[in-house]
Every structure is written in structure tokens, then in C-alpha cells.
Amino acid sequence: MNILIIGPSWVGDMVMAQTLFQCLRQRHPDCAIDVLAPDWSRPILERMPEVRQALSFPLGHGVLELATRRRIGKSLAGRYDQAILLPNSMKSALVPFFAGIPLRTGWKGEMRYGLLNDVRKLDKARYPLMIERFMALAYPAGAELPQPYPRPSLQIDPATRDAALAHFGLSLDRPVLALCPGAEFGEAKRWPSEHYAKVAEAKIREGWQVWLFGSKKDHPVGEDIRSRLIPGLREEAVNLSGETSLAQVIDLLSCAASVVSNDSGLMHVAAALNRPLVAVYGSTSPQFTPPLAEQVEIIRLGIECSPCFERTCRFGHYNCLVQLEPRVAVDALQRLAGEPVEVMP
């Protein structure tokens, strides 16, 4: 059985989609799973043993380009028995339709009747978690989901990990605290730089080193965090934001003894690498997209106005994050007791 997955557009969602792939392999042990997704997602998909192939989707998020979607669909004709769509948009249903894939499964979404022939109506109360909404598409409508739920688990190639360490001149002579202070969603997910700096200072004084991760736009945030450390401590923090590829981020995060992250895509990557993780929540809620790992401490205040799921604070104070003191994260790290990662030669 050959299955085409139309993948999501966000890093965290792509990581969580592995739960669907795991369920499909449990139901159909010999199935082949290909994922049609943007090129940025390839390093994630290549680390999922359930995925046979990552297929490049050249169009950006929200772009229609009907002719391109038709061309891609026609190129896939006759290759798949089922398509499963994770986005809920009408556009995402076009390629499987043009490919003539016999069974096209997805949630009702926007105006997809006719494009899908296995349309599911979502019961949000029954499936409150995003992974449940993904996993349910592996089974007939109304089926009970098997317990316990699978967890994303990204596989690391020691050779590429060692290459990333060498490329940036990094060593593992001291335990690594990874900080992920960015969030593509917006400011209402960003714990203040001064709080991250306090956590970094506490761990450096304990003999740790700090690596900062994020996108190019997060580089100034990383520099702000470093600038708040006094000379002598500042040199123990390396700002890798915007310097790494996603593949290198995944490999380097696997070296972390502990991670502190906003609710972001890298939070889900760290969880899928089973790193001891402190997850910081402000405007969002762990009730929908919690990190899925064995060692997780979720810290949040839960003040009256949160979660609001807004990109910026409607009141302008960001108290759900500002008032969440760094000591809370430091204490959570102590409870997790991350150990140095040993890389065998």
C-alpha cells in the first residue's frame, strides 16, 4: 500500500505528524509513506524511519498557482492508493485530486467536498490534541485511537552530528544547555531575553555551556541574551541562531543535556530528540500541542488573560511571560537533572 501525505507548513506540526506515520505503519506494516512538503522540512522527514521519501513541494504557504498544482498532481498519477491531508485548506486537496488517488482522506476543512472522498467531520472535544487529529486519519472514521499514543522520535546519524560539531568548533567537554528563545508565531510566545540570560548565567556558573538556537531573525535576540552576561560568562554562550541549517540544528540539539524553549517548532524538535526539556508557555496552551517527551517540565503562569492565542498582547504588558520568573525555569532544570551527552568516537 502506497500512501501520500500532504504535509503541514510548520516545523512543530511536521514533527508531530510522525505520530500519524507511526499509526499507519502499525496498521499497514508494509506500507510505503511519501510526504509532499516544502523543502525546508526534508531534514525532519529524513530522520523519520517511517517515511520512504520526502517529495519537494515548490509553492509557498498560501500560494494557489493552480497550473503548478495540476502539473504536480499529474506527475504523481497511478503511484498511490491513498492520500491523507494534514492541512485543512482547499488548496492542499488539489494535488491528490489531480493525481486521481483513489482514496483521499482529510478533515472537512474549507470547501473540499468533491476534492476529498473520505471527508471527516472533526469533533474537537473528542480529539483535543493536534496529534489525535493527525492520528485519527490513519483509522476508519469513528475508530478508537490505540493507547498509549506514539511519540515523535527523530533519528540521529552520528556522522552528520559530528560534522556539525566540527563545523562550528563545538565540543562536549561540558554539559550543554540549549536555549530556543525565538517563536515564529509572534511576541506573545517569546519569554523575555533577560529571563533567558538569568537561566544561562545560573547554568554557566554550574560549569555548563550554553548554545542558542533559532532562525536568522532570532539572531539579535541571541545577541541580546549574550550581552546580558558579564565578561567571563559571556564567552561560554554561543549564538548559533541564523548560522545553522535545520539539519544542523537537529543534530546539535541532540547533544544538549537540557533545553529551555518557548512554545515553538524547536520545542517539538527537542522533544522528539527526547532531550530533557523546559517548555515556556505564555499566550498559548499545552492543552493542544504539548511537547511529547519523557522528561518535560511545562512552566506557565496561567493568568486571567491567558491563553489568548494572540500574536501580540492586546494589553501591551505580556505579563503571562514577563511575570514568569527565571528561577522557575532554573528549578525545573534541576528537577530534570540533565546529564552531559557522550559522543562515542
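Residues numbered from 1 in each chain as written. Predicted model: local features only at pLDDT ≥ 70, side-chain atom pairs only at ≥ 80, totals over all residues. Heavy atoms only, no water.

A closer look at the nonpolar core
Rules: To define a nonpolar core, start from buried Ala, Val, Leu, Ile, Met, Phe, Trp, Tyr and Cys residues and group those joined through side-chain atoms within 4.5 Å. Relative accessibility under 20% of the residue-type maximum defines a buried residue, over 50% an exposed one, and the middle range a partly exposed one, all with a 1.4 Å probe and only protein chains included. Helix and strand assignments follow DSSP, with helices taken as H or I runs no shorter than four residues and strands as E runs no shorter than two, numbered in order from the N terminus.
Ranked by internal contacts, the top residues of the largest apolar core, which has 62 residues, are Ile5, Leu20, Phe21, Leu45, Trp211, Phe213 and Leu253. Among the elements that line this core, the one with the most residues is helix 11 (residues 265-272), at six residues. Among the nonpolar cores identified, the runner-up in size contains 29 residues, and Trp191, Ile204, Ala237 and Val330 belong to it.

Things to note about the pairing of strand 8 (residues 209-212)
For clarity, the cut-off: For two strands to pair, DSSP has to find at least two bridges joining them. A right-handed crossover is one whose linking path, passing over the helix from the first strand to the second, runs clockwise when the strands point away from the viewer.
What you see with strand 8 is no split at all: Gln209 and Trp211 on one side and Val210 and Leu212 on the other are buried throughout. In the sheet, strand 7 (residues 176-180) pairs with strand 8 via four bridges, with the strands oriented parallel. By the bridge assignment, Ala178 is partnered in strand 8 with Trp211. As paired elements, strand 8 and strand 9 (residues 237-239) share three bridges and run parallel to each other. Of the residues in strand 9, the one forming a bridge with Val210 is Ala237. For the segment spanning strand 8, helix 9 (residues 219-227) and strand 9, crossover handedness is right-handed.

Regarding the sheet that holds strand 7
The criterion, for reference: Every angle, taken between N-to-C directions, lies between 0 and 180 degrees, and every axis is a line fitted to C-alpha atoms, over only the stretch in contact when it is a helix. Between two residues, a contact is recorded if the distance between any of their heavy atoms is within 4.5 Å.
Here we have six strands laid out as an open sheet, ordered 9-8-7-10-11-12, and parallel in their pairing. Only two strands of the sheet have a single partner each, and these edge strands are strand 9 and strand 12 (296-299). Averaged over all adjacent pairs, the angle separating strand axes in this sheet is 15°, with direction ignored. In the sheet, strand 7 pairs with strand 10 (residues 258-262) via four bridges, with the strands oriented parallel. Residue pairing for strand 10: Ala178 is matched across the bridge by Val259. Across the sheet, helix 9 lies against strand 8 and strand 9, angled at about 165° from strand 9, the strand it touches most.

Here's the deal with the pairing of strand 5 (residues 103-107)
Here strand 5 lies mainly inside the structure; four of its five residues are buried. Of the strand pairs in this sheet, strand 4 (residues 82-85) and strand 5 are connected by three bridges, and their pairing is parallel. Residue Ala83 lies in a different strand from strand 5, and its bridge partner there is Arg104. With helix 5 (residues 94-99) bridging strand 4 and its parallel neighbour strand 5, the resulting β-α-β unit is right-handed. By the bridge criterion, three bridges tie strand 5 to strand 6 (residues 118-120) in an arrangement that is parallel. Residue pairing in the sheet places Thr105 in a bridge with Asp118 of strand 6.

Overview of the sheet that holds strand 5
Taken in spatial order, the six strands of this open sheet run 3-2-1-4-5-6, and their pairing is parallel. Only two strands of the sheet have a single partner each, and these edge strands are strand 3 (51-56) and strand 6. Going from strand to strand, the sheet's axes swing by 20° on average, the running direction of each strand aside. Pairing geometry for strand 1 (residues 2-6) and strand 2 (residues 32-37), over five bridges, is parallel. In the sheet register, Ile6 faces strand 2, and the bridge partner there is Leu36.

Things to note about the environment of His317
Note the threshold: For this analysis, a polar contact is any N or O atom pair within 3.5 Å, provided that within protein one partner can donate a hydrogen and the other can accept it, and provided that sequence-adjacent residues contribute only side-chain to side-chain pairs.
Tracing the chain through its elements places His317 in the loop between strand 12 and helix 12 (319-322). In this structure His317 comes out as partly exposed when scored by relative accessible area, which is 32%. When the C-alpha atoms of His317 and Ala188 are compared, they prove to be 9.9 Å apart, with 129 residues separating the residues in sequence. Those residues in contact with His317 that lie beyond four places of it in its chain are Cys305 and Val322. Engagement of the side chain of His317 in a polar contact is seen with the backbone nitrogen of Asn319, the distance being 3.0 Å.

Here we look at the packing of aromatic side chains
Short version of the rule: Here is the rule: rings of Phe, Tyr and Trp (six-membered ring for Trp) pair when centre to centre is within 6.5 Å. Planes less than 30 degrees apart are stacked, more than 60 are edge-to-face, and the remainder are tilted.
Across all of its chains, the model carries three aromatic pairs by this definition. On the numbers, 6.1 Å between centres and 55° between planes, the contact of Trp107 with Tyr127 is tilted. Here the residue Trp107 occupies a position in strand 5, and Tyr127 occupies one in the loop between strand 6 and helix 6 (130-135), the gap between them amounting to 20 residues. Among the residues examined, Tyr127 registers a relative accessible area of 7% and is labelled buried. On the numbers, 5.1 Å between centres and 75° between planes, the contact of Trp191 with Tyr196 is edge-to-face. Each member of the pair Trp191 and Tyr196 is classed as buried.

Some thoughts on the domain arrangement of the protein
A common way to express how large an interface is: the accessible area buried when the components associate. What counts, and what does not: Each domain's extent is set by a domain assignment, obtained either automatically or from a database. Buried surface area refers to the total accessible area, computed with a probe of radius 1.4 Å, that the two partners give up upon joining, counted for both partners together. The salt bridge definition used is simple: a Lys or Arg side-chain nitrogen within 4 Å of an Asp or Glu carboxyl oxygen. Under the scheme applied, nonpolar residues are Ala, Val, Leu, Ile, Met, Phe, Trp, Tyr, Cys and Pro; charged residues are Asp, Glu, Lys and Arg; polar residues are all the others, including Gly.
What the domain assignment lists for the protein is domain 1 (2-138) and domain 2 (159-337). Counting residues at the interface gives 14 residues for domain 1, matched by 15 residues for domain 2. Counting each side, the surface lost to burial between domain 1 and domain 2 is near 1,200 Å², with a carbon and sulfur contribution of 78%. Per-residue buried area on domain 1 facing domain 2 is highest for Val15, Met16 and Arg47; these three make up 34% of the total on that side. Our count for the domain 1 to domain 2 interface comes out at one salt bridge. In this structure, Asp251 engages Arg47 in a salt bridge whose closest nitrogen and oxygen atoms are separated by 3.1 Å. Remark: the boundary between domain 1 and domain 2 carries two residue pairs in polar contact (both at pLDDT 80 or more). Breaking the side of domain 1 that touches domain 2 down by element, the ones donating at least two residues are helix 1 (11-16), helix 3 (42-45) and helix 6. When residues in the side of domain 1 that touches domain 2 are grouped by element, the largest group, four residues, is from helix 1. Broken down by class, the residue content of the side of domain 1 that touches domain 2 amounts to 11 nonpolar, one polar and two charged.

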